[in-house]
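Single-letter residue listing:
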Amino acid sequence: MKHREFLGYSALGALVLSTAGTMGYALSRQLPHSTPPVGLAPTPLGGEPLQPLPRIANLSETAGRFRSALTPAPHAVPLGDELEARLWLYNGKVAPLIEVREGDELNITLINELEQETTLHWHGVPVPQAQDGAPWDAVAPGESRQYRYTFPAGSAGLHWFHPHPHEGTARQVAHGLAGALLVRPPQDLLPLEVEEHLLVVSDLRLMANGEVAPHTAEDWMNGREGELLLVNGQREPRLDVAPGTTLRLRLINACAGRYLRLRLDQHELTLIGTDGGLIERPQPLEELLLTPGERADLLVRVSEQAEGRFQLASHPYERGWMGERPPHLEQVAPLLAIHTLNSGVHPAVALPERLGRVEPLGEPAVQRRVELTEVMPGHDDHGAGHGDPHAGHGAGHGAGHGDPHAAHGGGSGSGSHHGTHGPGAGHGAGQAGDARPEVDFLINGRAFAMDEILFEGRAGEVEEWEVFNNSHMDHPFHVHGTHFQVVASRDGDGEWREAPWLAWKDTVNLAPYQRLTLRMVFREPGDWLFHCHIIEHEELGMMATIRVS
Ligand code: C2O
Ligand code: CU
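Now for a description of the structure that goes with this document.

Analysis parameters
Residues numbered from 1 in each chain as written. Chains lettered and ligands numbered in written order. Predicted model: local features only at pLDDT ≥ 70, side-chain atom pairs only at ≥ 80, totals over all residues. Heavy atoms only, no water. Helix = DSSP H or I, 4+ residues; strand = E, 2+ residues; numbered from the N terminus. Buried < 20%, exposed > 50% of the residue type's maximum accessible area, 1.4 Å probe, protein only. Areas by Shrake-Rupley, 256 points an atom, 1.4 Å probe, with all protein chains shown as cover. Contact = heavy atoms within 4.5 Å. Donors = N, O, S within 2.8 Å, 3.2 Å for Na, K, Ca; no water. Salt bridge = Lys/Arg side-chain N within 4 Å of Asp/Glu carboxyl O. Pairing = 2+ DSSP bridges. Core = buried A, V, L, I, M, F, W, Y, C linked by side-chain atoms within 4.5 Å. Domains from an automatic or database assignment. Axes fitted to C-alpha atoms, helices over the stretch in contact; angles between N-to-C directions. Phe/Tyr/Trp six-rings, centres within 6.5 Å; stacked < 30°, edge-to-face > 60°. Lys NZ or Arg CZ within 6 Å of the ring centre and 35° of its normal.

### A closer look at the overall build of the chain
Point 1. When you go through the chain residue by residue, the secondary structure sums to 3 helices and 31 strands.
Point 2. Counting across all 549 residues of the chain, residues that qualify as buried make up 59%.
Point 3. Entry remark: accessible area of the chain is about 20800 Å², with carbon and sulfur atoms responsible for 50%.

### Side note on the environment of Val300
Point 1. Here Val300 is to be found in strand β18 (residues 295-301).
Point 2. Measuring from C-alpha to C-alpha, the distance between Val300 and Arg248 comes to 6.5 Å, with 52 residues separating the pair along the chain.
Point 3. In contact with Val300, not counting residues within four places along its chain, are Thr245, Thr246, Leu247, Leu249, Leu264, His267, Glu268 and Leu269.

### Description of the coordination of the copper ion (ligand 2)
Point 1. Bound to the copper ion (ligand 2) are the protein donor atoms His475 (ND1), Cys532 (SG) and His537 (ND1), situated 2.0 to 2.1 Å from the metal.
Point 2. Counting residues between consecutive donors of the copper ion (ligand 2) along the chain gives the motif H-x56-C-x4-H.
Point 3. Residue class for Cys532 comes out buried when judged on its relative accessible area of 1%.

### Some thoughts on the pattern of salt bridges
Point 1. Using the criterion set out here, one finds 39 salt bridges in the structure.
Point 2. Between Arg261 and Glu287 there is a salt bridge, with the nearest N and O atoms lying 2.9 Å from each other. Residue Arg261 is found in strand β15 (residues 260-264), and its partner Glu287 is found in strand β17 (residues 277-290); the two are separated by 26 residues along the sequence.
Point 3. Judged by relative accessible area, Arg261 falls into the partly exposed class, the value being 23%.
Point 4. Between Arg519 and Glu464 there is a salt bridge, with the nearest N and O atoms lying 2.7 Å from each other. With Arg519 in strand β29 (residues 515-521) and Glu464 in strand β24 (residues 462-469), the pair connects residues that are 55 residues apart, well separated along the chain.
Point 5. A relative accessible area of 15% places Arg519 in the buried class.
Point 6. Taking the relative accessible area as the measure of exposure, Glu464 reaches 4% and is therefore buried.
Point 7. Salt bridges linked by common partners bring Arg55, Glu99, Arg184, Asp188, Glu196, Arg248, Arg250 and Asp297 together as one network.

### A closer look at the pairing of strand β13 (residues 238-241)
When a strand is regular, its side chains alternate between the sheet's two faces.
Point 1. Burial along β13 is one-sided: Leu239 and Val241 are buried, and none of Arg238 and Asp240, which face the opposite way, are.
Point 2. The pairing of β13 with strand β20 (residues 333-340) spans 4 bridges and is classified as parallel. Of the residues in β20, the one forming a bridge with Asp240 is His339.

### Quick notes on the nonpolar core
Point 1. Val370, Trp465, Phe477, Leu518 and Phe530 are the most contacted members of the largest nonpolar core, which totals 39 residues.
Point 2. Taken domain by domain, the makeup of this core includes at least three residues from each of domain 2 (195-340) and domain 3 (366-548).
Point 3. With 31 residues, the next largest nonpolar core counts Leu271, Leu288, Ala333 and Leu335 among its residues.

### Side note on the sheet that holds strand β2 (residues 65-70)
Point 1. Spatially, 3 strands are ordered β2-β6-β8 in an open sheet, and the strand pairing comes out mixed. Whereas interior strands pair on both sides, the edge strands pair on one side only; in this sheet they are β2 and β8 (144-150). Each neighbouring strand pair of the sheet contributes to a mean axis angle of 10°, computed without reference to strand direction.
Point 2. In this sheet, β8 lies alongside strand β6 (residues 105-111) in antiparallel orientation, the contact comprising 7 bridges.

### So, the sheet that holds strand β10 (residues 179-184)
Point 1. Here we have 4 strands laid out as an open sheet, ordered β5-β10-β9-β7, and mixed in their pairing. At either end of the open sheet lies a strand with only one pairing partner, and these are β5 (97-101) and β7 (121-123). For this sheet the average axis-to-axis angle between neighbouring strands, irrespective of direction, equals 25°.
Point 2. In the sheet, β5 pairs with β10 via 5 bridges, with the strands oriented parallel. Bridge pairing in β10 links Glu99 to Leu182.

### Some words on the pairing of β6
Point 1. With 6 bridges connecting them, β2 and β6 associate as parallel partners. Bridging across to β6, Phe66 finds its partner in Leu106.

### Digging into the packing of aromatic side chains
Point 1. For the coordinates displayed, the defined rule picks out 12 aromatic pairs.
Point 2. Summarising the aromatic geometry, the rings of Trp122 and Tyr147 are spaced 5.9 Å apart at their centres and angled 70° between planes, so their arrangement reads as edge-to-face. You can see Trp122 sitting in strand β7 and its partner Tyr147 sitting in strand β8, a full 25 residues away along the chain. Grouping residues by exposure puts Trp122 and Tyr147 together as buried.
Point 3. Their ring planes at 10° and their centres at 5.7 Å tell us that Phe455 and Phe530 sit as a pair that is stacked. Note that Phe455 is positioned in strand β23 (residues 455-457) and Phe530 in strand β30 (residues 526-532), a separation of 75 residues in sequence.
Point 4. Here a set of aromatic residues connected by ring pairs shows up, and it is made of Tyr90, Trp122, Tyr147, Tyr149, Phe151 and Phe161.
Point 5. Here the basic side chain of Arg145 rests over the ring of Tyr147, its NZ or CZ set 3.9 Å away from the ring centre.
Point 6. Taking NZ or CZ as reference, Arg515 lies 3.8 Å from the ring centre of Phe468, over its face.

This is the structure in structure tokens:
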């Protein structure tokens, strides 16, 4: 296996930066591998000025409080001349923004105007368990509930929110339900001259009548990639800046299955923050892999050339596609066109010595193993690779490994968590035309069930998880309720390597047969999910629960 850069952050080496002018991205009407019933909608033209994310207004007049309502409901959104996309959106907006400050109290009423249950999950925010929007806390159609919590110290960063109902998340995300949640620090360290833009990347697959196409079997197996790639709800918007401007581009990959391998023509990218906020020192990168669920905080000093055109684009990435590869996987997908004006050059901006603080968590009190597998019916290929207690990581593993019923959380306490749906319910609970294949995506040999607890842990203890992707596809691994540090990585046939620097993450990619050692502390008791953030894999079972007491 080829040597991988740590965490998919490909550092600038002796590599020549891409200066390709014409990227081979056809404004296409390509059909996906299995054609949706009515044919795809035409792709609307791009090139309009980048719009800021539409804000959710704060209805509270008290300082330090953010109060509003989010109403997921069907909306028709005009796309180009004739087409209306029929989406499900929060408050009628594609990628709405909630902006708060550390220490603020959030009070959001979810008013469910969908015809199915939903939740609001605050991805990346360390909330109390009852506010996490987990599937066992679903809000029925026509009902509402409040989410209320305070942003603790250290929670500054770009987070997001999306639905998380049992068996319904993939469909709701495919219809457009997602939003950005920006938590500002008490004081921003970055100089004022830095020009900040939030970029929410999402994708849609529409039929010719503007309806969201139902999931195909390929969508379920691979994670759905919509042909219509959007940035802040726009197709390839344009950003005009003075030459030499220092941009801060804060991205969310809100796609269900699409990996973004980001490059900007003739520019290096400088990573300054990850899912959980700023890192300590800027890291220059040639490109950045941003998987579903991840966020990146990037600085770019734009070229001093006047009237230049530079494309921020996602380049092809091989993530272990199952079945025939759709053509868009081989193409460069433009996200944002950066144009420099014919004006004076902005001088370079000096950055502070140190940006954030990412102190090592220290030695673990408990070690666990998490194994990700895919199982096709009639194949028993998920047993391979167990039991290799390699040096230095062997001691004390084993909770929940091997015995699928270990640490089963029988009957105690948490009420609504149990019995709403039978375990394993519903391959087939989705929409008409839904083509769920008979394939299981598993964690430690188990498909997700709402009444099962895989691990039991203690609040405040340092946990060390060795996560092993024992499959031939990439999977982005996400943990609720906390952030983790990736402390070591090992490729399928390679050596363990220590992380060259630490970052707060809540979602991290694992290449096929890669292992990562994560350290984390759960501060809040409760039942916390961890799962693949390819939404379809999560929904087909690659999700489990740790009960923290
Ligand atoms: Cu962003 Cu459990 O998810
Ligand atoms: Cu996955």
